[in-house]
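Now for the letters of each chain:
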Amino acid sequence: MCGIYGMVSPSGSPLGCPQVLDTMGALLRHRGPDAHGVVQCIHGSIGAERLRVIDPSTAGDQPFIDPAEQVWLVLNGAIYNAQEIRRRYRDYPFRSASDAESLMPLYLDRGCTGFADVDGMFALAIYDLRTRKLLLARDRSGEKPLFYSHVGDEIWFASEMQALLKPVKQQRELDHYALRDFITFGYVREPRTMFADISKVESGTAMQFCRDGVQTQRYWNPDVIETQVNSPHDAVQQLDHLIREAVAKQLTADVPIGVLTSGGVDSSLLAAVAAHTAGADKICTLSVGFDDRPFDESVYARQLSTLLGTRHVEISASDEMLLDALRTVTTEMAEPISDPAVLPTLLLANEAKKHVTVVLSGEGADELFGGYPTYLGHLMAPHYQHLPKLMRTTIDQFAAWIPPSPQRKVSTSHLFKRFVSAARLPLAERHIQWFGSRLHPRELLIDNSELEVWTNDFPSTGDPLRRAMLFDYRTYLRDDLLPKVDRATMLRSVEARSPYLDEAVIRFALALQPSLKVRSMTTKWLLKQVARKWLPRSIVNRRKRGLSVPVSQWINSGLREEVDRLLDRERIADRGLLDAGLIHQLLSQHRRGSADHGRALWTIIILEYWFQHWFAEA
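Our subject in this report is the structure included herewith. All figures in this text were calculated on a predicted structure; none of them were measured in a lab. (Residues numbered from 1 in each chain as written. Predicted model: local features only at pLDDT ≥ 70, side-chain atom pairs only at ≥ 80, totals over all residues. Heavy atoms only, no water.)

The next subject is the environment of Tyr-148. Summarising the element assignment, Tyr-148 is placed in strand S8 (residues 147-151). Of the residues examined, Tyr-148 reaches a relative accessible area of 11% and is grouped as buried. Each C-alpha atom of the pair Tyr-148 and Ser-199 lies 5.5 Å from the other, and the pair is 51 residues apart in sequence. (Helix = DSSP H or I, 4+ residues; strand = E, 2+ residues; numbered from the N terminus. Buried < 20%, exposed > 50% of the residue type's maximum accessible area, 1.4 Å probe, protein only.)

As structure tokens, this is what we get:
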């Protein structure tokens, strides 16, 4: 695991600011505090800050250079089929046992086409001096980040945006389409970022920058995977086998490994398989508890650890600790991350670093196997739409009568109100109404002309559930959940791995018929059938909660003065981007208790933090 960075002049001209490479490295050192390496010439420089996970010797330090000294490689991530690739190239003079080095002979042999054979999470850069081409590529699901920017005639790249922002002070331009994305979803969809001159390398692609421009090759497209029919029994057996294999591969490391657990089925299954594979004494389970009881699920993680016999580490996240984490993520991460779960994730990473270097995490299970209540809503929506008008009106009135309950995490009444609010809408619109930020760009943005029609990106054909889950895999998982986990863990030099995003598991899940994922009123039906082979029913059947924090209460209590400052009507009006009156109305309703606008207000709060620290500073 590393922070990678560099600058290349495809024209062959001398680099304009080669001296800032050291600054870029220093800004990424939290991703790799164990070793620093740079290789450079007059028209190109690349570097890596290494976290030693596999082959902790200096031989595994990056960058890697081919025997002819014509190709440079840096990689952030983990290659799970590295040994298989190495066996193909037995004659290559490997200098280390590093998984990253396995990609050098693969590239020398097959170029960009070789990435289709790579099983792992990665972001990499290869500078080929023979052709003066810079290659940037990312893994299928986007587990590892990679950003790039055109600086004059040069291409600069880095694992995190701040390494592209801070070395050179210049006027930055806001990407207004990205702003609309953030308001709609609470995150920005790749390849955009909030800065018009910084882009993300898209997941599942390889980009080649040369004198004549840029070429993008997509080696992974989840949309083209066709549904296959499996019997329930065969599907359970096959998924059980695939999860075992995925966990076994991702336990490969020369450092201690842990599992982030909530006591829910996803993380509990990973912990059970990991303890069985490596031995319970080799696995450390980690969880976080909260002072606010409706948000605290640490007791379930504790029970899981006792059941499995793992070494368990638990932290209690007070409001003060979470607010301190908020200050950290808003000042040390150049991307606005509106998911409140980034805060306890950072606290877990703080504690995890004392015990392990690698953690397994359950990202991807909900999107691939149908874990969100939203999917149940899509099943019920057609039935609701066909109810007699009088009955629908009565239900609407009843839903409106139910008072908001911000003190509860996700109450049944809250889910019911959300369902009724959007059940009549077309699939794409109701999906984001249930799943998005609850903000509407046409209402909130002062300049709402030429709004991008995001629904064009929603899968247009096929089973509604499959379309919704595929959209979440391609957006919410890729652009919200994975950045949240990567930035929070790597800020504390901890590598997070997601076994549910193993290539074989993804292919299997995307090809499953939706009826094996959501059955009757049961979400993640197939995954739960597998989990029953490993865990007691009390864990498998426990209602999904998720890792979250009480932002609705904070807005009215612990964060009240800060919210008043950030959402000051005059301050927002002066910027001229958002409707200050609408924001004031949302906040007033929330403060009075007549509505729970916590999620919408939190999105605006994070956006204002970002404007304050990153856009103004840049």
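Cis peptide bonds are those with omega within 30 degrees of zero, and the linkage from Gln-62 to Pro-63 qualifies with 5°. Looking at the element boundaries, Pro-63 is found in the loop between strand S3 (44-50) and strand S4 (64-65). In this structure, the amide linkage connecting Glu-190 to the following residue, Pro-191, adopts the cis form with an omega of 10°. Tracing the sequence through the fold places Pro-191 in the loop between helix H5 (176-185) and strand S10 (198-200). You will see that Ser-493, though not glycine, has its phi angle at about 60°, which is positive. Structurally, the position occupied by Ser-493 is in the loop between helix H17 (464-490) and strand S17 (495-497). In this model, Ser-520 sits at a positive phi of 55°, which is unusual for a non-glycine residue.

Mapped onto the fold, His-30 is located in the loop between helix H1 (21-27) and strand S2 (35-41). A relative accessible area of 18% means that His-30 is categorised as buried. Engagement of the side chain of His-30 in a polar contact is seen with the backbone oxygen of Leu-27, the distance being 3.4 Å. A distance of 3.1 Å separates polar atoms of two side chains, one belonging to His-30 and the other to Glu-160. For His-30, the contacting residues outside a window of four places in its chain are Glu-160, Gln-162, Met-490, Leu-491 and Ser-493. (Polar contact = N/O pair within 3.5 Å; in protein donor to acceptor, adjacent residues only side chain to side chain. Contact = heavy atoms within 4.5 Å.)

In this section: the pairing of strand S11 (residues 205-210). Among the 6 residues that make up S11, 5 are buried, leaving the element largely enclosed by the rest of the structure. For strand S7 (residues 133-138) and S11, the ladder comprises 4 bridges, and the chain directions are antiparallel. If you follow Leu-135 over to S11, its bridge partner there is Gln-208. Of the pairings in the sheet, the one linking S11 to strand S12 (residues 213-218) comprises 6 bridges and is antiparallel in character. Of the residues in S12, the one forming a bridge with Phe-209 is Val-214. Connecting S11 to the antiparallel partner S12 that follows it, the hairpin turn spans 2 residues. (Pairing = 2+ DSSP bridges.)

Turning next to empty space enclosed by the protein. The final tally for this structure, using the stated rule, is 11 cavities of 30 Å³ or more. Estimated volume of the largest cavity: approximately 150 Å³. Lining of the largest cavity is provided by 16 residues; of these, Val-188, Lys-200, Glu-335, Pro-336 and Asp-479 occupy positions nearest its centre. The element best represented in the lining of the largest cavity is H17, accounting for 3 residues. (1 Å grid on protein atoms, 1.4 Å probe; cavity = no way out; pocket = protein on both sides within 12 Å on 5 of 7 lines; lining within 4 Å. Points joined across faces, edges and corners; volume = space filled by probe spheres on them.)

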